[in-house]
Amino acid sequence: MRSFLSDNNSGVHPKIFKAMEECNVDHQLPYGQDIYTEKAVEKIREVFEKDVDVYFVTTGTAANVVGLSGLLRPFEGVICADTAHINVDECGAFERFSGSKLLYVPNKDGKLCIEDIEKFLNSLGDEHQTQPKVISIAQCTEIGTVYTVDEIKRLADFAHENNLYIHVDGARIANAAVSLDRSFKEIITDTGVDLLSFGGTKNGMMMGEAIISFNPEISKNFKFVRKQGMQLVSKMRFVSSQFIAYLEDDLWRKNAENANSMAKYLEGKLKGINGVKLCRDIEANILFINIPTKWVESLEEIYPLYEEDGEIRLVTSFDTTKEDIDKFIDTIKEIASI
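All of the points below concern the structure found in this document. No experiment lies behind these values; they were computed from the predicted model shown. (Residues numbered from 1 in each chain as written. Predicted model: local features only at pLDDT ≥ 70, side-chain atom pairs only at ≥ 80, totals over all residues. Heavy atoms only, no water.)

Read from one edge of the open sheet, four strands run β8-β9-β11-β10, paired in antiparallel fashion. The sheet terminates laterally at β8 (277-278) and β10 (306-308), the two strands that pair on one side only. (Pairing = 2+ DSSP bridges. Helix = DSSP H or I, 4+ residues; strand = E, 2+ residues; numbered from the N terminus.)

Time to look at the environment of D190. You can see D190 is positioned in the loop between α9 (184-189) and β6 (195-199). Each C-alpha atom, one on D190 and one on D89, is 29 Å from the other, the two residues being 101 residues apart in sequence. Leaving out residues up to four positions away in the same chain, D190 has contacts with K153 and K185. (Contact = heavy atoms within 4.5 Å.)

The subject of this paragraph is the nonpolar core. Membership of the largest hydrophobic core comes to 58 residues, with the highest contact counts inside it found for I44, F48, F56, F184 and F198. Top contributing element to this core by residue count: helix α11 (residues 237-247), with seven residues. Among the nonpolar cores identified, the runner-up in size contains 23 residues, and L266, Y303, L305 and I312 belong to it. (Core = buried A, V, L, I, M, F, W, Y, C linked by side-chain atoms within 4.5 Å. Buried < 20%, exposed > 50% of the residue type's maximum accessible area, 1.4 Å probe, protein only.)

If you check helix α7 (residues 149-161), its first and last C-alpha atoms are 18 Å apart, about what 13 residues at 1.5 Å a residue would give, namely 18 Å. Listed in full, the buried residues belonging to α7 are V149, I152, L155, A156, F158 and A159. If you follow the buried residues of α7, they end up packed against α6 (114-117), β4 (131-138), β5 (165-170), α8 (173-180) and α9. Directly after α7, the chain includes N163, whose backbone phi takes a positive value near 60 degrees. (Expected span 1.5 Å × (residues − 1).)

Another aspect to go through is the packing of aromatic side chains. If you walk through the whole model with that rule in mind, you get twelve aromatic pairs. Measuring from centroid to centroid gives 5.5 Å for F48 and F184, while their planes differ by 20 degrees, and the two rings are stacked. With F48 in helix α2 (residues 35-48) and F184 in helix α9, the pair connects residues that are 136 residues apart, well separated along the chain. Like F184, F48 is buried. Relative to F198, the ring of F184 has its centre 5.2 Å away and its plane inclined at 80 degrees; by these criteria the two rings are edge-to-face. Of this pair, F184 sits in helix α9 while F198 is found in strand β6, placing the two residues 14 residues apart along the sequence. (Phe/Tyr/Trp six-rings, centres within 6.5 Å; stacked < 30°, edge-to-face > 60°.)

Moving on, we get to the packing of helix α12 (residues 251-270) against helix α14 (residues 322-337). At their nearest, the axes of α12 and α14 sit 10 Å apart, and the two run at 25 degrees to each other. It follows from the interaxial angle that α12 and α14 lie roughly parallel. Classified by chirality, the crossing of α14 by α12 is right-handed. Taken together, the residues of α14 that come into contact with α12 (itself represented by M262, Y265, L266, K269 and L270) are K322, I325, D326, F328, I329 and I332. Classifying every residue of the contact of α12 with α14 gives eight nonpolar, no polar and three charged. (Axes fitted to C-alpha atoms, helices over the stretch in contact; angles between N-to-C directions. Parallel < 35°, antiparallel > 145°, perpendicular 65-115°, else oblique. Left-handed = near helix turned anticlockwise from the far one by under 90°. Nonpolar A, V, L, I, M, F, W, Y, C, P; charged D, E, K, R; others polar.)

The next subject is α2. A rise of 1.5 Å per residue sets the reference length of α2, with its 14 residues, at 20 Å; its end C-alpha atoms lie 20 Å apart and thus fit the reference within 8%. Residues of α2 that are buried sit in contact with α1 (14-22), β1 (53-57), α9, β6, β7 (209-213) and α11. Taking the backbone nitrogen of Y36 as reference, a side-chain oxygen 3.0 Å away marks D34 as the first, capping residue of α2. (Polar contact = N/O pair within 3.5 Å; in protein donor to acceptor, adjacent residues only side chain to side chain.)

With that out of the way, let us pick up the sheet that holds β7. Ordered in space as β1-β7-β6-β5-β4-β2-β3, the seven strands form an open sheet in which the pairing is mixed. Among the strands making up the open sheet, the edge pair consists of β1 and β3 (101-105). If you compare each strand with its neighbour and ignore which way they point, the axes differ by 25 degrees on average. Across five bridges, β6 lies against β7 in antiparallel orientation. Within the sheet, the bridge partner assigned to L196 lies in β7 and is I212. Its contacts with the sheet place α2 against β1, β6 and β7, and it is angled at close to 125 degrees to β1. The strands that helix α3 (residues 60-69) touches are β1, β2 (76-81), β4, β5, β6 and β7; relative to β7, the one it contacts most, it runs at about 25 degrees.

Q139 connects to C140 through a cis peptide bond whose omega is 5 degrees. Mapping C140 onto the fold places it in the loop between β4 and α7. We note that D181 has phi near 55 degrees; this positive angle belongs to a residue other than glycine. Even without being a glycine, D250 presents a positive backbone phi close to 55 degrees. The residue D250 is located in the loop between α11 and α12 in this model.

And the structure:
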C-alpha cells in the first residue's frame, strides 16, 4: 500500500535502477576509482557550476557526521536548531564519532535565526566553553519549511564574518529547489555554503548521499575521515551511478515537482474535511495536520502514521499519485462518518 509516513517509504525510480544495472557489467576499479564515479562527480560539478570536492557515502547520517567531523577539532561545536536531524534523529552519532558538541537553539518555524546564534560568539576564546565553528541548517527543515535564498545568504555571510563555516543538510534539497523555483547553484553555490550533504534517497534513489565541499581547503583530509567513518564503499559505482541518472535530464527536478505538487493536492483535499486542521502552510512535500484523537487509531489500522505532540506528519513522494491521495482522503472521510 502507498502511504504518507515518509518519502523513505517510496521505491526507486526506474531510470535510477537502470543506471545501477548498466554499471553492473565488466570489472571496475574499486573505492571510487571507476568511470561511473568520475562521471557522477563531473555531473555534480556541472549542476553546481563549481569545481567542488565530492565524497560519496551510503546514508544521510553518514553524510552529516562524516562531513561535519571533517571540519572540526574536538573542542569545537556545531550550532543547529533543536529540531535538526543531527540533533534528534541520528542517535548521538555526531557526538560519538566527532567527539565534538552540538549547540542547539529553539527553532523558529524549523529555522535558525542569527539573533539566536549570536550568543555563542561570547564563548569564542574562552577555554572553558565549546568553541562554535559550524552553523548547520536543514533545507527543507524538519517541519517542512524552506529557507529562502536571502536567508541562507545572510546566515552564510554571518558565519564567514565570524570565522565560522555553514553546512546544509540537504536530504530534501531537491524539494526546496523546486519550492523556490531556483537551481542548486542559486541556493547553494551562490549563497556561500561551505559544505552540503546532498541527498537523493528521499527523491527516487535507492541509497547514497554526496558530501560536497565548496572550499577545497576544508576538505583536504575528508578522504581519511570518510575511511575512518567506514563509508569508503568498495563498489562505489553502485552509489555514484545513481547520481548520474538523478542529475541527467533534470530527473531530480521532475521527481521533486511531483512530490511537491501532490502535497498541494493533498492539502486541498484535506481542507474539505470538517475536523481536519492544517498546522502550517505547505512549502514543499511535508504536511502537518491535527485530527480528532478518536480518528487516529482507526486511521493507523490502515495507514502507518508519524505523530508527535498531537500533530500527524504526512509526506508525499516522487511516485505519489492523485489516486493514492483520493484513496487516503476517502478513508479519512469514512472514519469521520462513523
